[in-house]
2 protein chains.
Amino acid sequence: MEPVRIDDPLDERVAAYVDIRERDLVGRQGRFVAEGKVVVDVLTATRRFGVESVLVLENRLAGMQHVLARLPADVPVYVVGAAVMDRIAGFHMHRGILAIGLRGELASPDQLLGTVGQNALVAVLVGISNHDNVGSIFRNAAAFGADAVLLDKASCDPLYRKAIRVSVGAALKVPFAVADDAAIIADLLEKKGFTQFALSPRGETDIRDVQPRGPVALYLGTEGEGLPEHLMSRLHTARITMAPGFDSLNVAAASAIALHAFTRNAG
Amino acid sequence: MEPVRIDDPLDERVAAYVDIRERDLVGRQGRFVAEGKVVVDVLTATRRFGVESVLVLENRLAGMQHVLARLPADVPVYVVGAAVMDRIAGFHMHRGILAIGLRGELASPDQLLGTVGQNALVAVLVGISNHDNVGSIFRNAAAFGADAVLLDKASCDPLYRKAIRVSVGAALKVPFAVADDAAIIADLLEKKGFTQFALSPRGETDIRDVQPRGPVALYLGTEGEGLPEHLMSRLHTARITMAPGFDSLNVAAASAIALHAFTRNAG
C-alpha cells in the first residue's frame, strides 16, 4: 500500500496512536502498540499477530522499507513529520516507527501446551507485575529457546507497550498464555508430564546440578514475596547460590541464569 | 544528632537536595545522592563513603531509626513534610529518605587491585553508558561476590543516582575504580597475573566450560558494538550459547550468567 501522508494530529486515521503513554493504563480493545524499528521488525517478521496500521516519521521512511515490505497489502502506512508525530504520541517520540498490533484470540494455556514438543522448556511467571521484568524475562526466554511462557493474572500483560520494548520484540515471538492463577498452571503442567522447578533462594538443588529430562517448567516469582508456599510445597525447588549476606538477584537476572542452565542447546 | 525540622524548601541546609533529577546531569562536586531506605541502609552500613546529611519524610522517621542510628553523631538529619519534600526534590518523592554521600578520594585501579586476594574476581566495564545496566551489573557483582569493578571513562558513573538505586546499593558496596581506557586496565590486570576473559557472542569458549584458576577478570561491553577488537585480540574470549537466530542478551543478564559461572562460592 502506498504510504498515506497525515498532517493533522487529530486525523481519525491515527486516533489509535493518540497519547500512547496515557493509554497504556486503560484497555485497548484488542490492540497493542509496538514501537521502534527492532520491535516492528519482529512484529512483521513473525506474523504471530496481525497489524492494523503503521505510523512512520517521514525522514525514517527510507530506512524502514524492508520492514514495511513485509506488511500485507491492505495494512495502511501513515507518514508524518516530527512535530505531528510528537503531537499525536503526546511526548517527544525519538523512535521513528509505531505500529498498532492486533491481539487476536490468545491461546489458552492448555491449547498452547498442546503445541510444544517432548523436551519443551516453559517459563511460568507468578505475580510479576513489573513491565521491565516481564519484558526482560521474555528476552531471556527467546535467547535460550524457551517454547512458551505461562503467566498468572497478577503478572503484567506481555503486550504492554513497555514490556514489548524491553523484550526487544521477544514478547511478540515467544508464545504465551495467561491463566487465572498459578495453581491451575501447575495442575496442567503436572497432567502433561512436566518436571516443575520453582526458583527460590530457599531452593533445595543448586541450579547447576539440575539435570532435567523431558519437558520442564521454571517458575519465577517476585523478588520480595517470592513464590507462594502452596506452589513451593508441590514443586521441585532450585536455587542460585549467591555470596553470603546478599539478599536476592533481580528476577530478570535470575531468569537468565536459570534458563541458561536449563537450555537444551548443546554448545 | 537530634533531627532538625525544615519547613522552607529554600532553606540553605537542604540546598544539596534541590531538583535532584535535573542535577544528575551536572557535576556534584564530590557528592552523590542515595535514595530510598534500602540504599541509605547500605550507605550507612558499609561506611565506604561518608555521609554529609540525610533528608527524611516526617511520617517515615520512626521506620528509619535503625538506619539513622548508624550515622556518625555529627551528621545532620533533616525532617520535612511531604509537600516540602516534593518542592525540594522537584518531583513527587515517594521514597521517604534521601542522603547526600561524599565521594571522597576514589582509589586508582592499581591501588584497588592491591587490596584484592589471590582468587579475586573482577568485572571490567567497557563503554557501558546506560545507568540501568551499570546498576544491574553492580547488583550481580555483589550477588556473586566479585571483589572489584573496573570501568573505563566511557562507562556510566556508578555513583549516578539511578545507577545506585538500580544496584540496590551494591554500587556503594563493591569497590570500583575508573581508568582512562580499557587498554590501561588490561595492561594492569596482565601485570597482576589475572586470567582475562572477554564476554562476546563471538567468544571461543562456552562460559560453562571456563574453569578459571587464580585471579580472573570478566570484560563486558555494550550490546550493539561489543568489545573493541584491540581488546578481543589480546584476551581469552568466552560466549554464552544462545538459541539460533537470537541476536544478543542484555549486558546485565549476560553479566549475571557469566559472574555466576565464574563464582567461587561452592554450593
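Residues numbered from 1 in each chain as written. Chains lettered and ligands numbered in written order. Predicted model: local features only at pLDDT ≥ 70, side-chain atom pairs only at ≥ 80, totals over all residues. Heavy atoms only, no water.

A.B. asks: Is there a simple way to explain the pattern of salt bridges in this structure?
C.D. replies: Pairs can form between side chains of opposite charge once their charged atoms are near each other. Here the structure, examined in full by the defined rule, presents 32 salt bridges over all chains. The closest approach of N and O atoms between B:Asp7 and B:Arg5, which form a salt bridge, is 3.1 Å. On the accessibility criterion, B:Arg5 (44% relative accessible area) is partly exposed. Across the pair B:Arg234 and B:Glu190 runs a salt bridge, and its minimum N-O distance is 3.1 Å. With B:Arg234 in the loop between helix H8 (229-232) and strand E12 (236-239) and B:Glu190 in helix H7 (residues 182-191), the pair connects residues that are 44 residues apart, well separated along the chain. Of the residues examined, B:Arg234 reaches a relative accessible area of 32% and is grouped as partly exposed. A cluster of three or more residues bridged by salt bridges with shared partners is formed by A:Arg5, A:Asp7 and A:Glu58. (Salt bridge = Lys/Arg side-chain N within 4 Å of Asp/Glu carboxyl O. Buried < 20%, exposed > 50% of the residue type's maximum accessible area, 1.4 Å probe, protein only. Helix = DSSP H or I, 4+ residues; strand = E, 2+ residues; numbered from the N terminus.)

A.B. asks: Hey, could you run me through the packing of helix H9 (residues 251-262) of chain A against helix H9 (residues 251-262) of chain B in this one?
C.D. replies: How two helices sit against one another is set out by the angle between their axes and by the gap between those axes. It is the contact of H9(A) with H9(B), at a shortest axis distance of 8 Å, that shows an interaxial angle of 55°. Considering the angle they form, H9(A) stands oblique to H9(B). Pair H9(A) / H9(B) crosses with right-handed handedness. Seen from H9(A), the contacting residues are A:Ala253, A:Ala256, A:Ile257 and A:His260; seen from H9(B), they are B:Ala253, B:Ala256, B:Ile257 and B:His260. Taken together, the residues that form the contact of H9(A) with H9(B) break down as six nonpolar, two polar and no charged. (Axes fitted to C-alpha atoms, helices over the stretch in contact; angles between N-to-C directions. Parallel < 35°, antiparallel > 145°, perpendicular 65-115°, else oblique. Left-handed = near helix turned anticlockwise from the far one by under 90°. Contact = heavy atoms within 4.5 Å. Nonpolar A, V, L, I, M, F, W, Y, C, P; charged D, E, K, R; others polar.)

A.B. asks: Sorry if this is basic, but what is going on with the sheet that holds strand E2 (residues 31-35) of chain B here?
C.D. replies: Each strand in a sheet pairs with another by means of backbone hydrogen bonds, the pair being arranged parallel or else antiparallel. Residues and elements named next belong to chain B. The five strands are arranged E1-E4-E3-E5-E2 in an open sheet whose pairing can be described as mixed. Each of the sheet's edge strands pairs with one partner strand only, and the pair in question is strand E1 (4-5) and E2. For E1 and strand E4 (residues 77-80), the ladder comprises two bridges, and the chain directions are parallel. In the strand pairing of E4, Val4 is matched with Tyr78. (Pairing = 2+ DSSP bridges.)

A.B. asks: Looking at this model, I keep getting lost on the environment of B:Arg139. Mind explaining?
C.D. replies: Here B:Arg139 lies in helix H5 (residues 131-143). On a C-alpha basis, the gap between B:Arg139 and B:Asn119 in space is 20 Å, while along the polypeptide they are 20 residues apart.

A.B. asks: Would you take a moment to explain unusual backbone geometry for this structure?
C.D. replies: In most cases, non-glycine residues show a negative phi, while peptide bonds are predominantly trans. The backbone phi angle of A:Val168 is positive, close to 55°, even though this residue is not glycine. Within the element layout of this structure, A:Val168 appears in the loop between helix H6 (161-166) and strand E8 (176-179). Unusually for a residue other than glycine, B:Arg47 sits at a positive phi of about 55°. As for its placement among the helices and strands, B:Arg47 is situated in the loop between helix H1 (37-46) and strand E3 (50-57).

A.B. asks: Got a minute to help me understand the relation of the copies chain B and chain A in this structure?
C.D. replies: Least-squares fitting of chain B to chain A yields an RMSD of 0.0 Å, with the transformation described by 0.0 Å of translation along the axis and a rotation of 180°. A rotation of that kind, with that shift, is consistent with a two-fold axis. A share of 100% of the interface residues of chain B reappears at the interface of chain A, consistent with the copies meeting face to face through the same patch. (Least-squares fit on C-alpha atoms with pLDDT ≥ 70 in both.)

A.B. asks: Whenever I open this one, the interface of chain B and chain A confuses me. Can you help?
C.D. replies: Size of an interface: often given as the accessible area lost when the parts come together. The interface is formed by 31 residues belonging to chain B together with 31 residues belonging to chain A. The junction of chain B with chain A conceals about 2300 Å² of combined surface from both sides, 58% of it contributed by carbon and sulfur atoms. The three residues of chain B that bury the most area against chain A are B:Arg139, B:Phe246 and B:His260, which together make up 26% of that side's buried surface. In this assembly, chain B and chain A are joined by two salt bridges. Measuring nitrogen to oxygen at the nearest pair gives 3.1 Å for the salt bridge that ties B:Arg139 to A:Glu223. Between the two partners, chain B and chain A, sit eight residue pairs in polar contact (both at pLDDT 80 or more). At five residues, H9(B) tops the list of elements feeding residues into the side of chain B that touches chain A. (Buried area = accessible area lost by both parts, 1.4 Å probe. Polar contact = N/O pair within 3.5 Å; in protein donor to acceptor, adjacent residues only side chain to side chain.)

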